[in-house]
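Structural characterization, general
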Amino acid sequence: MNKVEEFEELRPLLFSIAYRILGSVGEAEDAVQETWLRFDGSPTRPASAKSYLSAVVTRISIDVLRSARVRREEYVGPWFPEPLLSDPYQDPARSVELADSVSMAALLLLERLSPLERAVFVLREVFGFGFDEIATAVDRSEAACRQLVVRARRHMEAGRPRFAADRRERQELASRFFDALKDGDMGGLRELLAADVQLVGDGGGKAPQLARAVVGAQKVARLLASVFPRMARVDISFEPHEINGQPGAVYRDRDGRVLQTLVLDVLDGRIQTIRTVLNPDKLGHLGRPADAWAITRELRRIPAVDPHHP
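1. With respect to the pairing of strand S6 (residues 270-277)
- Here S6 lies mainly inside the structure; 6 of its 8 residues are buried.
- Sheet analysis places strand S1 (residues 193-202) next to S6, joined by 6 bridges and oriented parallel. Bridging from a neighbouring strand, Val 200 pairs with Arg 275 of S6.
- Strand direction decides the pairing type here: strand S5 (residues 258-267) and S6, joined by 7 bridges, are antiparallel. Across the sheet, the residue bridging to Leu 262 is Thr 276, located in S6.

Put into structure tokens, the structure is as follows:
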């Protein structure tokens, strides 16, 4: 294969590594493009293109993440990863690790790690790289990389839920949730929500967002049942879609522009967390973003209907 063919074959892997380190589709794509420029400009051909390119994209991603950390500390409201509709890299031998590592919950856990811990954890635990390759990628000894993995694994395991829902259970629950949401069925919604469910939104100061997380089945069900049926009256439509490996939906305005994404975290037969992303900067890869402020003004002109209490 020539260089272009070699790179294109590995592009899905490189993007998947970068996205898990950065939590940003745009930044991951930029990291992959920069990796290609370095590969194309190199006068020599590496013995293993996979090892070489994975190392380059990892180093670039670590540098980007270090500068991104400063911006995230100044971010307005909760910060969520950019929603990913489908992971371009598939490996049947590591399907469980790949699916688990791309969820919103897992990516938010990865935010707790240092950039170096995060990179080493992703390469080892998600993609199964050898410690010799990881050491080269991050310019540390193999012993140091082993310690980084142990430390990162401890942080990740401490924050993971004890019992995860299987795919079929999640999809069935999501289907019932979106039916109840469309109908404004407060009682039906409340049955699907965990007692301490949280509804959290990421607007980044660039779209209307909740002042703080809404907590509790009653409060969340009431809010959802009062707002979402009104959205249909201003021609907001939603497409059920798996997002970051979890059940969710993409909401669009009457012109097909992207208003928001919504993702459900399911555990023990109930919805534990509902995360929405409205920041237009994080939605551009899904289509042209909608004007969320204008839609909010339009919604306010529609009289609120108190949801039914069964």
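2. Digging into the environment of Asp 63
- Following the sequence through the fold, Asp 63 ends up in helix H3 (residues 49-73).
- Here the alpha-carbon distance between Asp 63 and Glu 9, two residues 54 residues apart in the chain, equals 25 Å.

3. Things to note about the side chain of Arg 252
- Along the chain, Arg 252 falls in strand S4 (residues 246-252).
- Classification of Arg 252 as buried rests on a relative accessible area of 18%.
- Of the polar contacts made by the side chain of Arg 252, one reaches the backbone oxygen of Leu 286; its length is 3.4 Å.
- If we ignore the near neighbours within four places in the chain, the residues touching Arg 252 are Asp 235, Ile 236, Ser 237, Glu 239, Arg 257, Val 258, Leu 259 and Leu 286.

About the cut-offs
Residues numbered from 1 in each chain as written. Predicted model: local features only at pLDDT ≥ 70, side-chain atom pairs only at ≥ 80, totals over all residues. Heavy atoms only, no water. Buried < 20%, exposed > 50% of the residue type's maximum accessible area, 1.4 Å probe, protein only. Helix = DSSP H or I, 4+ residues; strand = E, 2+ residues; numbered from the N terminus. Pairing = 2+ DSSP bridges. Polar contact = N/O pair within 3.5 Å; in protein donor to acceptor, adjacent residues only side chain to side chain. Contact = heavy atoms within 4.5 Å.

Structural measurements only, silent on function.
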